[in-house]
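Here is how the chains run, residue by residue.
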Amino acid sequence: MKVLLLNGSSHPNGCTHTALHEIALTLESSGIQTEILFLGNEPVRDCTACGTCARQPGRCAFDDDVVNRIIEKACEADGFVFGTPVYYAHPSGRILSVLDRVFYAGKDAFVHKPAAAIASARRAGTTATLDVLQKYFTISQMPVVSSTYWTMVHGKEPADVLKDEEGLQTMRNLAVNMAWLLRCIEAGKDVGIQPPQAESGARTNFIR
Ligand SMILES: Cc1cc2nc3c(=O)[nH]c(=O)nc-3n(C[C@H](O)[C@H](O)[C@H](O)COP(=O)(O)O)c2cc1C
């Protein structure tokens, strides 16, 4: 079993990475494989609503080595953690641009797989940030993994995060909950419990 962790900061080893690393260590010690994927710090294109992905599902037309790579990795992953720094009380523009394209083109790679969001902030804006990231999960039939407190750490530098013992504890508790849920899903499949088939086809665009 594998969990893919996305670092939506432009700092490869900053505060967000420090929190994700704590989660990854705990997952690994529970026997779950992990990969932390850094989204990079080059400019990232956002979704242009070109609609090409409707004709070629599973791929974004703009092959910039971030979005399509995440979709490919998501197909192989069993669970996800999305991590972001807080910018003006919302997730980084980088992670939103990437996730809009990833989910519009490749949602099927995520459906019915558990996921968690975490945020890193110097001080405030965290719950609004988490709310935005969790919406990708709840529109995609993904069970949301929670912890024992809001899934955030505080710091400007990684050294600050390492001093945030409650934040790190919250990361570890998130990880053990993720490991538990993954094992429950696997055990369910072993006895024939498959994910449900959702109804589809209704597109009521004009409700006022
Ligand atoms: C453009 C920008 C906006 C920010 N806005 C906030 C904010 O609204 N609230 C906050 O607490 N920290 C804010 N910060 C600080 C970062 O969220 C914080 O330092 C974070 O832990 C950095 O994570 P990283 O090292 O992974 O990039 C902001 C930082 C930047 C660059």
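The shown structure was predicted, so the numbers you read here are calculated from the model rather than taken from an experiment.

Draft legend 1. Representation of the pattern of salt bridges. Under the counting rule described, the total for this entry stands at 9 salt bridges. For E35, the salt bridge identified is with K2, shortest N-O distance 2.9 Å. Here K2 lies in strand β1 (residues 2-7) and E35 lies in strand β2 (residues 33-38), a separation of 33 residues in the sequence. Between K135 and D131 there is a salt bridge whose closest N-O contact spans 2.8 Å. Taken together, the positions of K135 and D131, both in helix α5 (residues 126-138) and 4 residues apart, correspond to about one turn of that helix.

Draft legend 2. Highlighting the site of the ligand. Among the 17 residues in the neighbourhood of the ligand, the closest are listed as S9, T16, V86, S120 and R123. For the ligand, a nitrogen atom lies 2.9 Å from a polar atom in the backbone of Y88. One of the backbone nitrogen or oxygen atoms of A89 is found 3.1 Å away from an oxygen atom of the ligand. Here the ligand, which alone exposes 650 Å², has 75% of that area covered by the protein. Counting only elements with at least two residues in the shell around the ligand, the list comes to α1 (15-29), β3 (79-87) and β5 (115-121). Residue contributions to the shell around the ligand peak at 3 residues, all from β3. Of the residues contributing to the shell around the ligand, the split by class is 8 nonpolar, 6 polar and 3 charged.

Draft legend 3. Structural context of α5. The end-to-end C-alpha distance of α5 is 18 Å, a good match for the 18 Å that 13 residues give at a rise of 1.5 Å each. The secondary structure elements touched by the buried residues of α5 are β3, β4 (90-91), α4 (93-106), β5 and β6 (152-154).

Draft legend 4. Quick look at the layout of surface pockets. In this structure, the largest pocket spans a volume of roughly 600 Å³. What lines the largest pocket is a set of 22 residues, among which F103, K107, D108, I139 and R203 lie closest to the centre. Looking at which element gives the most residues to the lining of the largest pocket, the answer is α4, with 4 residues. Here the lining of the largest pocket is composed, by residue class, of 12 nonpolar, 6 polar and 4 charged. One number sums up the size of the second largest pocket: a volume of about 340 Å³. In the lining of the second largest pocket, the residues fall into 10 nonpolar, 3 polar and 4 charged.

About the thresholds
Residues numbered from 1 in each chain as written. Predicted model: local features only at pLDDT ≥ 70, side-chain atom pairs only at ≥ 80, totals over all residues. Heavy atoms only, no water. Salt bridge = Lys/Arg side-chain N within 4 Å of Asp/Glu carboxyl O. Helix = DSSP H or I, 4+ residues; strand = E, 2+ residues; numbered from the N terminus. Near = heavy atom within 4 Å. Polar contact = N/O pair within 3.5 Å; in protein donor to acceptor, adjacent residues only side chain to side chain. Areas by Shrake-Rupley, 256 points an atom, 1.4 Å probe, with all protein chains shown as cover. Nonpolar A, V, L, I, M, F, W, Y, C, P; charged D, E, K, R; others polar. Expected span 1.5 Å × (residues − 1). Contact = heavy atoms within 4.5 Å. 1 Å grid on protein atoms, 1.4 Å probe; cavity = no way out; pocket = protein on both sides within 12 Å on 5 of 7 lines; lining within 4 Å. Points joined across faces, edges and corners; volume = space filled by probe spheres on them.

All quantities given are derived from atomic positions and should not be read as evidence of function.
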